[in-house]
Amino acid sequence: MTPPNWQTTHTLPVADIQVEERLRIASQPAVASIVSSIHEVGSILQPLLVRRVKGGYRLMDGLHRLTAAKEVGLVEVPVKVSDCTNEQAIRIEVDANVAGAPLTPLDMAVFLAAHKELYERENPETAQGKAGAHGRWNATDIMSVASFSANAAEVFGKGDRHIRRLISVGEKLSKEEIALLREAPKKVQFKDLEHIAKCGEPEDRSAICMALGTGEAKSAKEVLDRKKAAGAQVQSTTGQQVSKLKDAYSRAKKAARKEFVRLHCDELIELIHEIALEEDKAAEVVPFTSTREAGQ
């Protein structure tokens, strides 16, 4: 990725800095710590990183500092401004957070998934389905990804397999599900995310996020155990695959759906004909003839 261009550090009014959708939300204890520091030194010492966008400036790094500045009533804050791209902005947010305060398991899952997505955008030939197993994303492919993965392994004491599960969780969770998990009264644990990663059904994943987010359950395992106890049937392999296909299709944009149909048009038409024949056959009325009538 080409390095972004940075301007000289200066100040901006707090009100001029936009805070759009973030990969991570502010931690109140961290904000309180910065508020205390501002009271002691009178200002924010480390500049916030912002990018120039249409209509103003958008925050890339420094959400805790900006939140603290608003709480104490600072009018301006020091900033470094860049005219970087959206991809560069995401990379800056990811790397800055990994190097900063410790991440929760959920934050790490979200950042790992974002890091993988960025890597595959920059190296499309490595995306799954476009290359063999040796060409797919690997945590040691590039230094930045290796550092990120190493940080995750060190923080959680987990190996590569567990880190990949975290990535899987980050890719599967919707924005609404992430928001629910962040609101959970009991902080989501690594084990909870492992259970979510193993969920074959989107419904199971949603049920876990809802129960944890509302405090109805203390762990993902508790939610799954309740479903089993209620007599929930284990889906067949075909059922699981259908659910995954439905989930992927519902998440895809219209352009992606059209491209998928275009690529698999002949096969889809053939399958439609097969289904039609099966339904016609099932709908046939077979006249009943008793053995007595047959013998007459």
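Presented here is a report on the structure given in the accompanying data block. Quantities reported herein were computed from a predicted structural model and do not represent experimental measurements.

**Overview of the pattern of salt bridges**
It is possible for side chains bearing opposite charge to pair when their charged atoms get close.
Move 1: The tally for this structure, following the rule as stated, stands at eight salt bridges.
Move 2: Across the salt bridge formed by K221 and D225, the nearest N and O atoms sit 2.8 Å from each other. Of this pair, K221 and D225 both sit in helix α10 (residues 220–229), separated by four residues, roughly a single helical turn.
Move 3: For the salt bridge of R226 with E222, the shortest nitrogen-to-oxygen distance reads 2.4 Å. Of this pair, R226 and E222 both sit in helix α10, separated by four residues, roughly a single helical turn.
Move 4: Judged by relative accessible area, which is 26%, E222 ranks as partly exposed.

**Observations regarding the pairing of strand β4 (residues 56–61)**
Looking down a regular strand, the side chains alternate between one sheet face and the other.
Move 1: In terms of residue burial, β4 counts as a mostly covered element, since five of its six residues are buried.
Move 2: Where strand β2 (residues 17–18) and β4 come together, two bridges link them in parallel fashion. Paired with I17 across the bridge in β4 is Y57.
Move 3: Bridge count for strand β3 (residues 48–53) against β4 is five bridges, and the pairing is antiparallel. Each residue of the ladder has a partner; that of R52, found in β4, is Y57.
Move 4: From the end of β3 to the start of β4, which pair antiparallel, there are two residues, and G55 there has a positive phi angle of about 95°.

**Brief notes about the nonpolar core**
Move 1: If you look at the biggest cluster of nonpolar residues, it comprises 28 residues, and the most contacted ones within it are L166, V169, L173, L181, L193, I196 and I208.
Move 2: Within the residue set of this core, elements represented by two or more residues are α4 (105–122), α6 (160–172), α7 (175–182), α8 (190–198), α9 (202–214) and α10.
Move 3: With five residues, the single largest contributor to this core is α4.
Move 4: The contacts of I196, once residues within four sequence positions are left out, are V169, K172, L173, L181, R205 and I208.
Move 5: Of all hydrophobic cores here, the second largest spans 18 residues; its members include I17, V31, L66 and V79.

**As for the packing of α7 against α9**
Move 1: Taken N-terminus to C-terminus, the directions of α7 and α9 make an angle of 30°; their axes are 7 Å apart at the nearest point. The chirality of how α7 crosses α9 is left-handed. Taken together, the residues of α9 that come into contact with α7 (itself represented by E177, L180 and L181) are R205, S206, C209, M210, L212 and G213.
Move 2: Here the residues of the contact of α7 with α9 are counted per class, giving five nonpolar, two polar and two charged.

**Description of a negative patch on the surface**
Move 1: Together, D266, E267, E270, E274 and E278 line one region of the surface with negative charge.
Move 2: For E274, the location among the structural elements is in helix α13 (residues 265–283).
Move 3: Taking relative accessible area as the criterion, E274 reaches 38% and is therefore assigned partly exposed.

**Let's talk about the sheet that holds strand β5 (residues 76–82)**
Move 1: Spatially, the five strands line up as an open sheet ordered β1-β5-β3-β4-β2, and their pairing is mixed. Each of the sheet's edge strands pairs with one partner strand only, and the pair in question is β1 (10–13) and β2.
Move 2: Those strands touched by helix α2 (residues 63–72) are β2, β3, β4 and β5, and its axis lies near 120° from that of β4.

Thresholds applied
- Sequence order sets the numbering: in each chain, residues are counted from 1 along the sequence as written.
- Selection of residues for local features in this predicted model requires a pLDDT of at least 70, selection of side-chain atom pairs for listing and counting requires 80 or more, and totals for whole chains, interfaces and linings are taken over all residues.
- In computing side-chain properties, one takes all heavy atoms of the structure into account and sets aside hydrogens as well as water.
- Any carboxyl oxygen of Asp or Glu that lies within 4 Å of a side-chain nitrogen of Lys or Arg is treated as forming a salt bridge with it.
- Secondary structure elements follow DSSP: runs of H or I of four or more residues count as helices, runs of E of two or more count as strands, with numbering from the N terminus.
- Remark: exposure states derive from per-residue accessible area (1.4 Å probe, protein chains only) relative to the maximum for the residue type, with buried under 20%, exposed over 50%, and partly exposed in between.
- Criterion used throughout: strands pair if DSSP finds at least two bridges between them.
- Take the buried Ala, Val, Leu, Ile, Met, Phe, Trp, Tyr and Cys residues and link them wherever side-chain atoms come within 4.5 Å; each set so joined is a nonpolar core.
- Residue contacts are defined here by distance: any two heavy atoms, one from each residue, within 4.5 Å place the two residues in contact.
- In this description, a line fitted to the C-alpha atoms serves as the axis of each element, helices being fitted only across the stretch in contact, and the angle between N-to-C directions of two axes falls anywhere from 0 to 180 degrees.
- Crossings are assigned a handedness: left-handed for a near helix turned anticlockwise from the far helix by less than a right angle, right-handed for a clockwise turn.
- Gly is placed with the polar residues, together with every amino acid not listed as nonpolar (Ala, Val, Leu, Ile, Met, Phe, Trp, Tyr, Cys and Pro) or charged (Asp, Glu, Lys and Arg).
- To count toward a patch, a residue needs a relative accessible area above 30% and no salt bridge. Like charges then connect within 9 Å, nonpolar side chains (Val, Leu, Ile, Met, Phe, Trp, Tyr) within 5 Å.
- Note that accessible areas follow from Shrake-Rupley with a 1.4 Å probe, and for residues the cover is restricted to the protein chains shown.
- Charged-residue counts in this description rest on Lys and Arg as positive and Asp and Glu as negative, His and the chain ends being excluded.
- Taken as the charge centre is NZ of Lys, CZ of Arg, CG of Asp or CD of Glu, depending on the residue.

Everything listed here is a matter of geometry and, on its own, says nothing about what the molecule does.
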